[in-house]
Structure formats: C-alpha cells, structure tokens
Amino acid sequence: MDVKIEQSWKTRLQNEFEKEYFINLTNFVKKEYNSHTIYPPGRLIFNAFDKCPFENVKIVILGQDPYHGPGQAHGLCFSVKDGVAFPPSLINIFKEIHNDLGISLPDSGNLERWAEQGVLLLNATLTVRAGQAGSHQNKGWELFTDEVVRLVANEKNHVVFILWGSYAQKKGETIDRTKHLVLESPHPSPLSASHGFFGNKHFSKANAYLGEHGMEPMEW
C-alpha cells in the first residue's frame, strides 16, 4: 500500500502498511472521511512523522486522541495551529515549562517548532470524529503506533520518552529503561495536573539527558 508519509518512516514502516489490520484501518478511515467530519484534515494525518524524520527523533511525547474541536488538530499531539486558543492541557504544559525553565508562555500553541528539533509528537490514535472523543479507538491505529514506539525504542539509542498519564505509560511499558530515558507523571489535563504533573521538571530533565549524550538541548 502506498501511504503518503515522510520517506524515512515509509521505508521502515512499509511492512506494517501491508498488514491486514492496516488495510482494514485504511478502508475504515476513508469511509469516515467520506461520511463524517474527521480531524485532522486527511493530508495531516501523518504530520508528526513528516515534521520529524526518523533520523531526527530524540524525544517522543505520547498523546491519546487528536483534538475533536474545529480547527484544532493538525497531526501533532497536544499541538494546535497558529491562532487557535490553547486547550487546557496545553496551557498546563506551557505553565510547567515556565515553572521548570523560566520560559515565558508562547504566543502560539503550534508545536511544529518542537517537531523540527526532533520531538515526535505521537498520538496513539491518529484520527477522530468531530465532537466524539475516542471515536476511532480500537480500529487499528493503536497497533500501528505501538509499532512506531517499538521501532524507535529498538533502533535508536538515548531517546527521551515522555509519558503523561496511565494510557501513555501503558503504551510505553516495553521501552528498555537501560537504553533510553523514560519520564512519567500524571497527565497535564486540569483533572490531574495538580497531582504530580506540575513540578515534574520533565523539560529540564530531558535537556540534561540530551546534553549528557552529546545532543543539542531543546528550545522548549
């Protein structure tokens, strides 16, 4: 199957694209786009990969679903397009960056600037129906993104995996902690941020680890 995705990922994931579950997933997603409003726009489903080629990956942040409100999702977890109001979880992420590193809250919630520095902003499920959180879960996306996590963890060294909340932590259970840095805390959503997300210092810890292994720290 010919999937429009950045070439370094395409080469490594080609076998996955030929599997029966992925072909069934593709058929399901095409029907959904034809009959419902689906986010993100079809051309941005693999935006996280397009903005961060495999060779560049030094940090992986795992999310769950794309945003399901109009104009928000553009294929990068937690990120919104320029000019879109910050969702609550993203506000809390920026607050923690400010508390951790003293960086002022940015004008835009567009995290492409992170992706271009080597952060794979990966949702477990890459599509969703408008207004229906979780509507494309258990259709095959999770199998695909599990393979992406496995691929990065197995083929690269010294990657920082940032896992917020029990869902992301479960997805990252197989990552070799002796080979990579795995940072875990509660999710940045308003329901859980005050129970351990704030104060986790994941952003400074990630930069320290990158520096220790000869990589450029992130400009968060």
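Residues numbered from 1 in each chain as written. Predicted model: local features only at pLDDT ≥ 70, side-chain atom pairs only at ≥ 80, totals over all residues. Heavy atoms only, no water.

Visitor: How would you summarise the overall build of the protein chain if you had to cite specific residues and measurements?
Guide: Tallying secondary structure elements over the protein chain gives eight helices and six strands in all. Along the chain direction, N to C, the helices and strands of the protein chain fall in the order α-α-β-α-β-α-α-β-β-α-β-α-β-α. Its C-alpha radius of gyration of 17 Å places the protein chain within 12% of the 17 Å reference for a compact globule of 220 residues. Expressed along its principal axes, the backbone C-alpha trace of the protein chain runs to roughly 45 × 35 × 25 Å. Within the span of the protein chain, comprising 220 residues, buried residues form 53% of the whole. Counting only contacts in the protein chain whose residues sit at least 6 apart along the sequence, the fraction spanning at least 24 positions is 65%. Counting only carbon and sulfur atoms, one obtains 50% of the accessible surface of the protein chain, whose full area is about 10100 Å². Of the side chains in the protein chain, 22 bear a positive and 25 a negative charge, and the two mean positions are spaced by 4 Å. (Helix = DSSP H or I, 4+ residues; strand = E, 2+ residues; numbered from the N terminus. Rg over C-alpha atoms; globule rule 2.2 N^0.38 Å. Buried < 20%, exposed > 50% of the residue type's maximum accessible area, 1.4 Å probe, protein only. Contact = heavy atoms within 4.5 Å. Areas by Shrake-Rupley, 256 points an atom, 1.4 Å probe, with all protein chains shown as cover. Lys, Arg positive; Asp, Glu negative; His and termini not counted. Charge placed at Lys NZ, Arg CZ, Asp CG, Glu CD.)

Visitor: Account for the packing of helix α1 (residues 7–17) against helix α6 (residues 141–155), with residues named and values stated.
Guide: In contact at an axis separation of 11 Å, α1 and α6 are set at 135° when each is read in the N-to-C sense. In terms of orientation, α1 and α6 fall into the oblique class. The element α1 and its partner α6 pack so that their crossing is right-handed. Between α1 and α6, the contacting residues are W9, R12, L13, E16 and F17 on the first element and L143, F144, E147, V148, L151, V152 and E155 on the second. When the residues that make up the contact of α1 with α6 are grouped by side-chain class, the tally is eight nonpolar, no polar and four charged. (Axes fitted to C-alpha atoms, helices over the stretch in contact; angles between N-to-C directions. Parallel < 35°, antiparallel > 145°, perpendicular 65-115°, else oblique. Left-handed = near helix turned anticlockwise from the far one by under 90°. Nonpolar A, V, L, I, M, F, W, Y, C, P; charged D, E, K, R; others polar.)

Visitor: An account of the environment of A73 is needed here, citing residue identities and associated values.
Guide: Mapped onto the secondary structure, A73 falls in the loop between β2 (59–63) and α4 (88–101). For A73, a relative accessible area of 7% corresponds to the buried category. The sequence separation of A73 and W164 amounts to 91 residues, and the corresponding C-alpha distance is 19 Å. Discounting residues that sit within four places of it in the chain, A73 has contacts with Y39, P40, P41, P66, Y67 and K81.

Visitor: Give me the pairing of strand β5 (residues 160–164): which residues, what numbers.
Guide: Summarising burial for β5: five of the five residues are buried, a large majority. Across four bridges, the pairing between β2 and β5 is parallel. Across the sheet, residue L62 finds its bridge partner in β5, namely L163. Relative to strand β6 (residues 181–185), β5 runs parallel, the two being bridged by five bridges. Across the sheet, the residue bridging to V160 is L181, located in β6. Crossover handedness for the path β5 to helix α7 (residues 165–171) to β6: right-handed. (Pairing = 2+ DSSP bridges. Right-handed = clockwise from strand over helix to strand, strands pointing away.)

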